[in-house]
Amino acid sequence: MSDSANPFESLQSQIDDAASVLGLDDDLVTRLKHPERVLETNLTVELDDGSLEQFRAFRSQFNGDRGPYKGGIRYHPQVSRDEVKALSGWMVYKTAIVDIPFGGGKGGIVIDPTAYSTSELERVTRAFAVELRPFIGEDRDIPAPDVNTGQREMNWIKDTYETLEHTTEPGVITGKSVDSGGSEGRVEATGRSTVIAAREAFEYLEKDLEGATVAVQGYGNAGWIAAKLIDEMGATVVAASDSSGGIYNPDGFDPVAAKDHKNETGALVDFEGSEEKLTNEEVLTLDVDLLIPAALENAIDAELATDVQADVISEAANGPLTPEADRILTDRDVFVIPDILANAGGVTVSYFEWVQNRQRFYWTEERVNDELEAIIVEAFDSLVETLETHDIENPRTAAYVVSIQRVADAFEKSGSFP
Ligand code: NAD
């Protein structure tokens with residue numbers, strides 16, 4: 001992964017591109033480009049050996065014009081204030097493109113979770129939940145999982161919040177396990193929207209998904225589910241990578257068997273269904289029909305973008321292209337389905353989870369998947385309509401035009417206080 005672009009600056013340039021299409025006032029654009037507030041805190045936590053360690057943590061509440069702040073919590077050594085701000089901004093435009101009644105937020109802790117025991121991670125998580133407590137709530141800010149967090153951490157945060165508030169409020173957080181108030185279909189949702197959007201793009205471009213070749217970078221929650229579902233749609237997954245390296249089989253491999261291998265050994269490499277080992281860069285530049293980046297930001301920079309051979313990219317990850325890479329790929333006629341639409345399945349099913357929590361009425365997985373499908377298809381259609389109406393070349397700009405207009409309308413129609 002290249003770290004050549006500051007993700008917050010990437011977000012701001014994406015907003016500028018779309019705002020210029022819409023001709024919005026500079027004052028409004030400035031407002032759309034900055035978070036409303038950012039919590040930065042140092043968590044002091046006792047480790048198993050009795051020593052104390054401090055962990056820096058952030059929560060950015062970017063924009064709440066369309067509803068409560070919404071977005072995940074990431075555990076990673078490279079978490080930074082600017083990264084969290086960028087990720088929270090992307091959430092604003094993501095919830096707007098799929099038209100669900102949320103704003104955008106994001107949080108993170110600077111930590112390598114593999115270096116700590118489960119009980120240490122629980123204390124870190126609960127310490128963060130104590131700090132977050134005044135700022136979150138089902139009508140205020142609703143966190144969710146992101147890189148290196150999942151149901152376990154969400155359950156801990158819910159339990160800490162409810163204990164301190166002397167209440168039951170499962171909608172304070174989403175991505176919980178089903179027995180703690182989570183939704184059916186939430187774990188698969190991000191990968192599912194990534195492939196639904198890819199399917200729609202193939203149809204729009206009049207390309208055949210059946211037999212199309214696919215490479216997936218990152219084989220965690222988003223990446224592996226996307227690989228499994230695109231395989232079920234008839235495409236052939238020929239390559240995948242995780243942080244240990246890449247695997248390749250020109251005839252395709254079984255994505256589920258590859259995941260089982262990763263679960264057993266901790267890595268994709270040495271998977272028996274692979275014919276060749278590839279580097280991460282080689283996976284990203286393979287001659288495939290569809291590329292799914294599903295790891296971290298800035299995976300494809302300008303240099304790599306000139307070598308990308310895929311015709312369509314569906315961004316499961318947030319911000320996988322630097323702005324320069326995005327421009328190069330647009331010039332090269334690569335159809336990029338932007339992250340704010342491609343991976344919006346996660347937050348959309350989080351919305352369904354929140355609705356179910358508030359109603360104390362739970363849906364079947366079939367209903368969740370059907371409602372998700374309808375929302376992603378409608379969002380894709382609105383992107384295409386905007387692309388064509390405004391004669392925009394870059395689908396990302398079209399997506400931002402749709403979503404920025406929605407956020408701007410919400411702000412302007414409610415006026416400002418005081
Ligand atoms: P995860 O921790 O489950 O998986 C991340 C994967 O990326 C791991 O397999 C890891 O080995 C791999 N990876 C890390 N660095 C890599 C590199 N340099 N090359 C190749 N692989 C690398 O995380 P996730 O939840 O799947 O999230 C992945 C991306 O999807 C992130 O950008 C996240 O913000 C985005 N996303 C996730 C969700 C969700 O619901 N999980 C929702 C929306 C967006």
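Residues numbered from 1 in each chain as written. Predicted model: local features only at pLDDT ≥ 70, side-chain atom pairs only at ≥ 80, totals over all residues. Heavy atoms only, no water.

Q: Would you take a moment to explain the domain arrangement of the protein chain for this structure?
A: A common way to state how big an interface is: give the accessible area lost once the parts meet. Its domain assignment divides the protein chain into domain 1 (7-170) and domain 2 (189-337). Taking only C-alpha atoms, the centre of domain 1 and the centre of domain 2 are 26 Å apart. With 13 residues of domain 1 at the interface, the matching set in domain 2 holds 6 residues. Roughly 730 Å² is buried in total at the junction of domain 1 and domain 2, and carbon and sulfur atoms are behind 47% of that figure. Here domain 1 and domain 2 share 1 salt bridge between them. The salt bridge involving R74 is made with E297; its shortest N-O contact spans 2.7 Å. Scanning the region where domain 1 abuts domain 2 turns up 2 residue pairs in polar contact (both at pLDDT 80 or more). Within the residue set of the side of domain 1 that touches domain 2, elements represented by two or more residues are α1 (7-22), β3 (69-76) and α3 (81-97). Of the residues contributing to the side of domain 1 that touches domain 2, the split by class is 4 nonpolar, 3 polar and 6 charged. (Domains from an automatic or database assignment. Contact = heavy atoms within 4.5 Å. Buried area = accessible area lost by both parts, 1.4 Å probe. Salt bridge = Lys/Arg side-chain N within 4 Å of Asp/Glu carboxyl O. Polar contact = N/O pair within 3.5 Å; in protein donor to acceptor, adjacent residues only side chain to side chain. Helix = DSSP H or I, 4+ residues; strand = E, 2+ residues; numbered from the N terminus. Nonpolar A, V, L, I, M, F, W, Y, C, P; charged D, E, K, R; others polar.)

Q: I tried to follow the pairing of strand β6 (residues 213-217) on my own but got confused; where do I start?
A: A regular strand places its side chains so that they alternate between the two faces of the sheet. The buried count for β6 comes to 4 of 5 residues, which makes it a mostly enclosed element. Across 5 bridges, β6 lies against strand β7 (residues 236-242) in parallel orientation. Paired with Q217 across the bridge in β7 is S241. Of the crossover connections in this fold, the one passing from β6 over helix α7 (residues 221-232) to the parallel β7 is right-handed. By the bridge criterion, 4 bridges tie β6 to strand β10 (residues 290-293) in an arrangement that is parallel. The residue of β10 that forms the bridge with A215 is L291. (Buried < 20%, exposed > 50% of the residue type's maximum accessible area, 1.4 Å probe, protein only. Pairing = 2+ DSSP bridges. Right-handed = clockwise from strand over helix to strand, strands pointing away.)

Q: Explain the sheet that holds β3 here, please?
A: Working definition: the strands of a sheet are paired by backbone hydrogen bonds and lie parallel or antiparallel to each other. Pairing in this open sheet of 5 strands is mixed, and the strands run β1-β2-β4-β3-β5 from one edge to the other. Either end of the sheet is taken by a strand with one partner, and the two such strands are β1 (37-46) and β5 (141-145). Sheet twist, expressed as the average angle between the axes of neighbouring strands with direction ignored, equals 20°. Where β3 and β5 come together, 5 bridges link them in parallel fashion. When the sheet's bridge partners are listed, I73 is paired in β5 with P145. (Axes fitted to C-alpha atoms, helices over the stretch in contact; angles between N-to-C directions.)

Q: Can you help me understand the sheet that holds β7 in this one?
A: What the 7 strands build is an open sheet, ordered β9-β8-β7-β6-β10-β11-β12; its pairing is mixed. The strands lining the two open edges of the sheet, one partner per strand, are β9 (276-278) and β12 (335-337). The sheet shows a mean angle of 20° between the axes of neighbouring strands, taken without regard to direction. Alignment of β7 against strand β8 (residues 245-248), held across 4 bridges, turns out to be antiparallel. Bridging from a neighbouring strand, A240 pairs with I247 of β8.

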